[in-house]
Amino acid sequence: MGKKIKQRILITGGAGFIGSHLCEAFLAQGASVVCVDNLITGARTNIGSFLKEKKFVFLKQDICVPKKIAGPVDAVLHFASLASPPDYLKHSLRTLRVGSTGTENALEVAREKKARFLLASTSEVYGDPLVHPQKESYFGHVNPIGPRSVYDESKRYAEALTMAYHRFYGLNTKIIRIFNTYGERMRPEDGRVIPNFISQSLRQKPLTVYGDGSQTRSYCYIDDLIAGILRALDSDLHTPVNLGNPNEMSVLNLAKVILKATGSKSPLIYKPLPVDDPKQRKPDISLAREALGWQPNIPLEQGLEKTIAYFRTLLCR
Ligand code: UDP
């Protein structure tokens, strides 16, 4: 703990959903936090409860534009990205830029400051996987020119760049592959399935199921993910590690669980399946278990209860 108190952590995308929870976790450990965010999908309200803390600095800037960061930095955590499919499809070029130029700039800060570096990568590097569940050794099945490629390929490039910095400069890097995560501070208009289904349920609007709803995902609650990220940063593992909850379920089943948890009578309506939407996704987390001693503990019902309470206060304002 004594060592951690002195640490100064730079978090790109620190005003976003995952980034803001990370800022909070480091502040709670006594670290100083520098949060860089251009607020495209991040929001000041996400960092509102600690914005005025002495150990917290917010810089409204784009990591794609290289800028000097004043003072020492012990670790750089690169979370700036557009993570929701509707967001990255709308901001396709920005998404490619933050995965490439943004990652290079963040790596350069780490190199200059002799800091550790952690890349927030994604289960999307596996594309529409032909191997199930997905292990880190699987190279993936990505359409390089499809609409989702702006996200998938930029993250794959970001991984390649991070490994090259590790091999070429000896930078102390880590790569985490984040599977579907949910929790407080997701935006109701985010477009991902859990915020959509919760806000539709609370507004008594139809739940929009894409395709026939048989496609699967595995949902991890934010507090579990944050615990995994902290362990990954402190580990000696330089190759990618999956962080997610292996509790796999179909989108249709998720709709039913959310209807029950909100007590909503909303009907389901079916909409076209987005292009290249992965049919199944479930992390193999053996590596995280062995190398980090980490596994998620919070059941879906419990995480949903907290997330629904958050959305209720947001939507009832
Ligand atoms: N989805 C859905 N209805 C929605 C939003 C998403 O059926 O209103 C589906 C989407 O097609 C995908 C799954 O839910 O199969 C998860 O989508 P999300 O956008 O949350 O994340 P992804 O895993 O696709 O990045």
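Everything numeric here is computed off the predicted structure, so don't read it as measured data. (Residues numbered from 1 in each chain as written. Predicted model: local features only at pLDDT ≥ 70, side-chain atom pairs only at ≥ 80, totals over all residues. Heavy atoms only, no water.)

Engineer: Would you mind going over the overall build of the protein chain with me for this structure?
Structural biologist: For the protein chain, the helix and strand inventory stands at 11 helices and 13 strands. Against the compact-globule benchmark of 20 Å for 317 residues, the protein chain has a radius of gyration of 19 Å, which places it among compact chains. On the principal axes, the C-alpha backbone points of the protein chain span a range of 55 × 45 × 35 Å. Classification of the 317 residues of the protein chain by burial places 55% in the buried group. As displayed, the protein chain has an accessible area near 14,100 Å², and 55% of this comes from carbon and sulfur atoms. Each charge sign in the protein chain was given a centre, from 43 positive and 30 negative side chains, and these centres are 5 Å apart. (Helix = DSSP H or I, 4+ residues; strand = E, 2+ residues; numbered from the N terminus. Rg over C-alpha atoms; globule rule 2.2 N^0.38 Å. Buried < 20%, exposed > 50% of the residue type's maximum accessible area, 1.4 Å probe, protein only. Areas by Shrake-Rupley, 256 points an atom, 1.4 Å probe, with all protein chains shown as cover. Lys, Arg positive; Asp, Glu negative; His and termini not counted. Charge placed at Lys NZ, Arg CZ, Asp CG, Glu CD.)

Engineer: I'm lost on the site of the ligand in this one. Help?
Structural biologist: Surrounding the ligand, one finds 18 residues, the nearest of these being Thr208, Tyr210, Arg217, Asp277 and Arg281. Between the ligand and Thr208 there is a distance of 2.6 Å, counted from a nitrogen atom to a backbone nitrogen or oxygen. Asp277 is positioned with one of its side-chain polar atoms (N or O) 2.6 Å from an oxygen atom of the ligand. Against a free-state accessible area of 520 Å², the protein chains account for coverage of 95% of the ligand. Of all the secondary-structure elements, those providing two or more residues to the shell around the ligand are helix H7 (193-202) and strand S8 (207-210). Residues of the shell around the ligand, tallied by class, amount to seven nonpolar, five polar and six charged. (Near = heavy atom within 4 Å. Polar contact = N/O pair within 3.5 Å; in protein donor to acceptor, adjacent residues only side chain to side chain. Nonpolar A, V, L, I, M, F, W, Y, C, P; charged D, E, K, R; others polar.)

Engineer: Help me understand the nonpolar core, please; the structure alone is not making it clear to me.
Structural biologist: The tendency in soluble globular proteins is for nonpolar side chains to be buried as a group. Of all hydrophobic cores here, the largest spans 60 residues; its most connected members are Phe26, Leu77, Phe79 and Ile229. The residues touching Phe26, leaving out its near neighbours within four places in the chain, are Ile9, Ile11, Ala31, Val33, Leu77, Leu230 and Leu233. Membership of the second largest hydrophobic core comes to 23 residues, among which are Val36, Ile63, Met163 and Ile175. (Core = buried A, V, L, I, M, F, W, Y, C linked by side-chain atoms within 4.5 Å. Contact = heavy atoms within 4.5 Å.)

Engineer: I keep staring at the side chain of Gln200 and nothing clicks. Help me out?
Structural biologist: Tracing the chain through its elements places Gln200 in helix H7. Classification of Gln200 by relative accessible area gives buried; the value is 14%. What Gln200 contacts, discounting residues up to four positions off in sequence, is Lys205, Pro206, Leu207, Thr208 and Ser266.

Engineer: Which parts of the structure should I look at to understand helix H8 (residues 222-234)?
Structural biologist: For an α-helix, 3.6 residues make a turn, and residues three or four places apart therefore share a direction. For H8, which comprises 13 residues, the first-to-last C-alpha distance of 19 Å matches the rise-based estimate of 18 Å (1.5 Å per residue) to within 8%. Every buried residue belonging to H8 is among Ile222, Asp224, Leu225, Ile226, Gly228, Ile229, Leu230, Ala232 and Leu233, and all of these are buried. (Expected span 1.5 Å × (residues − 1).)

Engineer: Please explain helix H9 (residues 251-262) as it appears in this structure.
Structural biologist: With 12 residues, H9 extends 16 Å between its outermost C-alpha atoms, agreeing within 8% with the 16 Å of an ideal straight helix rising 1.5 Å per residue. The complete set of buried residues in H9 reads Val251, Leu254, Ala255, Val257, Ile258, Leu259 and Thr262. Buried residues belonging to H9 abut H7, S8, strand S12 (248-250), strand S13 (268-271) and helix H11 (300-315). After H9 finishes, the residue Gly263 shows a positive phi value of roughly 70°.

Engineer: Would you take a moment to explain the sheet that holds strand S4 (residues 75-78) for this structure?
Structural biologist: The pairing of strands in a sheet comes from backbone hydrogen bonds and takes either a parallel or an antiparallel form. Spatially, the seven strands line up as an open sheet ordered S3-S2-S1-S4-S5-S6-S11, and their pairing is parallel. For this open sheet the edge positions go to strand S3 (56-60) and strand S11 (241-243), each flanked by a neighbour on one side alone. Each strand of the sheet is rotated relative to its neighbour by a mean of 20°, with strand direction disregarded. (Pairing = 2+ DSSP bridges. Axes fitted to C-alpha atoms, helices over the stretch in contact; angles between N-to-C directions.)

Engineer: Can you walk me through the packing of aromatic side chains in this structure?
Structural biologist: A ring pair, where both rings are aromatic, is described by two values, the distance of the centres and the angle of the planes. A complete count under the given rule lists eight aromatic pairs for this structure. When the ring of Phe50 is compared with that of Phe56, the centres are 5.0 Å apart and the planes differ by 85°; the resulting orientation is edge-to-face. We note that Phe50, like Phe56, is buried. Pairing Tyr165 with Tyr169 gives two aromatic rings, centres 5.1 Å apart and planes at 55°, and the pair type is tilted. (Phe/Tyr/Trp six-rings, centres within 6.5 Å; stacked < 30°, edge-to-face > 60°.)

Engineer: Got a minute to help me understand the pattern of salt bridges in this structure?
Structural biologist: Two side chains of opposite charge can pair, provided their charged atoms sit close to one another. Taken as a whole and assessed by the stated rule, the structure comprises 15 salt bridges. The closest approach of N and O atoms between Asp128 and Lys279, which form a salt bridge, is 2.7 Å. One end of the pair, Asp128, is in the loop between strand S5 (116-122) and helix H6 (149-169); the other, Lys279, is in the loop between S13 and helix H10 (286-292), with 151 residues separating them in the sequence. Since its relative accessible area comes to 16%, Asp128 is described here as buried. By relative accessible area, which is 53% here, Lys279 ends up exposed. (Salt bridge = Lys/Arg side-chain N within 4 Å of Asp/Glu carboxyl O.)

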